[in-house]
Every structure is written in C-alpha cells, then in structure tokens.
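# Notes for the structure review
Chain by chain, the residues run as shown.
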Amino acid sequence: MRIVQKFGGTSMSGVARIKETARIVRDEYHRGHQIAVVVSAMSGETNRLLTLAQDISDCPCEREVDALLATGEQASATLLAMELDHLGIDAFSLNGAQLGMRTSGAFGRAKIDHVDANHLIAAMDAGRIAVITGFQGVDIDGNITTLGRGGSDTSAVAIAIAVRADVCDIYTDVDGIYTTDPRIVPNAHKIKQISYEEMLEFASLGAKVLQTRSVGLAMKYGMPIHLRSSFNNITGSMVCREDTSMEKASVTGVAYNRNEAKVTLQGIPDQPGIAAGIFNPIAKADINVDVIVQNISAHGMTDITFTVEREDYRKTMEIMHQHCADLKASHVAGSDDVAKVSIIGVGMKSHAGVAQTMFQILADAGVNIEMITTSEIKVTVVLGEADVDRAVRLLHTAFDLDEGDNA
Ligand code: ADP
Ligand code: ASP
Ligand code: MG
C-alpha cells in the first residue's frame, strides 16, 4: 500500500515523542508499505512563535508571520528525518517550497493550488521516506505561506491525493473521532466509520480534531482518512464514503464552538437591499458571517441578528456603528459570550422530530436558545456560552450516544 502518515503536534512534542513517532513510521515501512510523512510543529510551538511576533508588533507583517510560523514545522520535520536515519531508514526532510506545495498568496489562509508530486512518488518507489512540513507552502512569487491553524491535516490529505495514496493516516492524541469532544464528555464513544458529509459538518461546527478543509478535500477526491492515536496501536476511525447498507441512528454526534459572537440590528426598514447593505461592508472587511436570522417585520420594520467569529466581534460592531445611519437602524447591540451547539447525523434525513427533541431537552434544562439554523443533516442552536458544557452533555445522553448505549 501507499500511505501518507501525518503526525500532529502532540506526536512531535519533544525528543521522546519524536523517537516514538519514528518507530511507528519504521514499523509501517517494514510491513512493506510505501510511506511519505507529514508533520506539524511540536505542540505549543506555533502559539509560541505567534506570541513572539505579537510581542514585537501589534500588527506584524503577514508575510513575515508566515515565514516565522513555518519554522516550527521545519524543525520537527528535520528532527524526525534524523531519527529515522538513525533507525537505518533512508529518510530526508522537505519543506513546502522544496516539495513544490504551490499555494495562493493569501498569508495565514493560503489555498493549495498544486502539489508537485513526481519526485515524491519517485522517492517512494525507491523505498525512501520524505518527511514533509505540514501547514506551509510557497506562492508563485516564492513567498512562504501558511494554510491556517490546523492546516497540516490539509497538507497531508493534499499530498495523499497527489501521490495517489491508498489512505491518509492522521495520528493524533485521541484514538478516533468521538461522538463529542472527549474532554467535555468522558463517556463519549468512538465512531468506527463516519461519512465525509458528517465529518465535514462535525469539523466545521467545531470538532477541531480535523481541519475542515482537509475533510472537504478528502471528500472531493474520495481519499479515505484513518484518524488514529500515536499513543497506542488500536484501530481508529475511518472517514470515508457513506455506508448506505447500515441502519443509521438519528444523531451521530454533538459538536460545539465557543468562538462565537452575535450582533443585532434593530428597527431597520424592511425593504429590498437591506441584507446586502449590512453584509457588504462586513464581507469587504474579510469577516465571515455564520448564522443569520431576520425577524418577521412588524409595521414595515425588522431586526437582523447574525454571528461572527469572536475575534471579529469588535471590528464588526465598529462597522455596524459606522453604517447604522445609512441602514436607518435604530439600534446596534451585540454580545461575545455566545456559543454554538450542534447535533449532526445523516440519519436525520429519515427520522422525524429530531430537532424538536433537541429543543425540548434544552427547554427542560432551562437553557435559552437564541438562534436556530438547520440543514438536512444538522441542527445548530446559538446559546449563552455558560450553557455549553451542560447542553452538550444533556444532548449526548438524550440521543443515546453515551458509551454503553451503542455498544
Ligand atoms: P493534533 O495536534 O494532532 O492535530 P488536535 O488538537 O488538532 O491534534 O486534535 C485532537 C483533539 O481534538 C483531541 O485531543 C480532542 O480533544 C479534540 N476533539 C474535539 N472534538 C473531538 C471529537 N469529536 N473526537 C475526537 N477528538 C475531538
Ligand atoms: N502547527 C500548525 C498549528 O498549530 C498547524 C497544525 O498543527 O496543523 O496550527
Ligand atoms: Mg490538529
């Protein structure tokens, strides 16, 4: 088999872990597989570097920040290559530019345009192991770029697709994808197999175990992802095409995201162009808007509430205050202590009343729902941040996801 293995920060955090990671690579290699490895920086390193940049300047130059952050992965890739060499394996490190990981020039959130895989495939055919820096690439002008936080997952999937690997093994500190974050619900259970569709929702709604873009890319090319632990040898979770033969439970998992803020414009005239008037300046400022709710108008006036990422809250409020008069809004209000809790499952397509059950459980617990949004396979509510842990636990239990319920 041809396998691309990705090791996250916890698998690279210090000499002892790097030695353990090298043993995992060696064992897989000795099973007769062709291997390429993608690594993250040592855990905490990207944050440490970011803090250094912020200590130098409130608004450091984006190009330099990317070049700085890329050093984290460069250090871990070289150290792992050295250790593999020490174990007698013909290994060598490659950074994004050396590999030919060509990206757009959007610093901090670059998109992958192309992976030059020919020499990598030749190395794999020759039994050599390339240890490649995740998270980084190079733009057409030769600038070093990074792909956004958690981006090594996306690097690994892109490289797996480029070398036509059989599977992309993503090693982390949990042994699979759980029905919710095991840090909040210790008796969450492991999902053996999850469809791309569900994982995409899961990741984008806050399960930070895989970068959302990596799942979108894997889905587009049908690349199976095996998410597993580098701390033990047990089978993890497969992210792959939906197994339609299986009877599906209504809810597969619960996700949450605390990184939310909401903004409300009150008393705006209900007329064409209002939504465009609000969201144009926000889009121009490169701010992503998530949930949007417009109230039914009364006497020709309406309210619009929407959510943005918490780090964009102040900027969004400033923009809204600037445009308040043009939009003829009577008032702008907001808060940055809201969060999102979602239930996800392809089984929802064939089960009625799932959303209603969710609302009833939250109502019985006295949790106030501020906004609701749904799709065919998810229901999301916006609520106060203080209620997140409780809501996640209650929903996890109510939808029979606790360990033991499904065993
Ligand atoms: P890495 O550094 O290996 O990329 P991450 O910290 O990015 O690791 O992702 C692994 C973490 O994701 C786990 O430690 C876990 O707490 C968290 N996580 C959040 N939601 C889930 C989930 N549904 N299943 C498994 N892990 C989850
Ligand atoms: N080192 C980068 C980060 O911390 C990329 C990654 O780990 O995937 O976000
Ligand atoms: Mg990660």
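Everything below is about the structure shown above.
Our subject in this report is the structure included herewith. (Residues numbered from 1 in each chain as written. Chains lettered and ligands numbered in written order. Predicted model: local features only at pLDDT ≥ 70, side-chain atom pairs only at ≥ 80, totals over all residues. Heavy atoms only, no water.)

Neighbouring ligand 1 are 17 residues; Thr172, Asp173, Tyr178, Asp181 and Arg183 lie closest to it. A distance of 3.3 Å separates an oxygen atom of ligand 1 from a polar atom in the side chain of Lys6. Residue Arg183 places a side-chain N or O atom 3.0 Å away from an oxygen atom belonging to ligand 1. Alone, ligand 1 offers 580 Å² of accessible surface; in the complex the protein occludes 83% of this. Contributions of two or more residues to the shell around ligand 1 are made by strand S9 (167-172) and strand S10 (177-178). Of the residues in the shell around ligand 1, the class split is seven nonpolar, five polar and five charged. (Near = heavy atom within 4 Å. Polar contact = N/O pair within 3.5 Å; in protein donor to acceptor, adjacent residues only side chain to side chain. Areas by Shrake-Rupley, 256 points an atom, 1.4 Å probe, with all protein chains shown as cover. Helix = DSSP H or I, 4+ residues; strand = E, 2+ residues; numbered from the N terminus. Nonpolar A, V, L, I, M, F, W, Y, C, P; charged D, E, K, R; others polar.)

Attention shifts here to the packing of helix H9 (residues 274-284) against helix H10 (residues 313-323). Relative orientation of the contacting elements H9 and H10 amounts to 135°, with a least axis distance of 10 Å. Relative to H10, the element H9 lies oblique. Read as a crossing pair, H9 and H10 show a hand that is right-handed. Contact residues: H9 offers Ile278, Pro281 and Ile282, while H10 offers Thr316, Ile319, Met320 and His323. In terms of residue class, the contact of H9 with H10 is made up of five nonpolar, two polar and no charged. (Axes fitted to C-alpha atoms, helices over the stretch in contact; angles between N-to-C directions. Parallel < 35°, antiparallel > 145°, perpendicular 65-115°, else oblique. Left-handed = near helix turned anticlockwise from the far one by under 90°. Contact = heavy atoms within 4.5 Å.)

Taken together, the residues surrounding ligand 2 are Ser40, Thr46, Glu73, Phe135, Arg149, Gly150, Gly151 and Ser152. A distance of 3.1 Å separates an oxygen atom of ligand 2 from a polar atom in the side chain of Ser40. At a separation of 2.8 Å, a nitrogen atom of ligand 2 approaches a polar side-chain atom of Thr46. Considering ligand 2 on its own, with 260 Å² of exposed area, one finds that the protein chains cover 85% of that surface. Residues of the shell around ligand 2, tallied by class, amount to one nonpolar, five polar and two charged.

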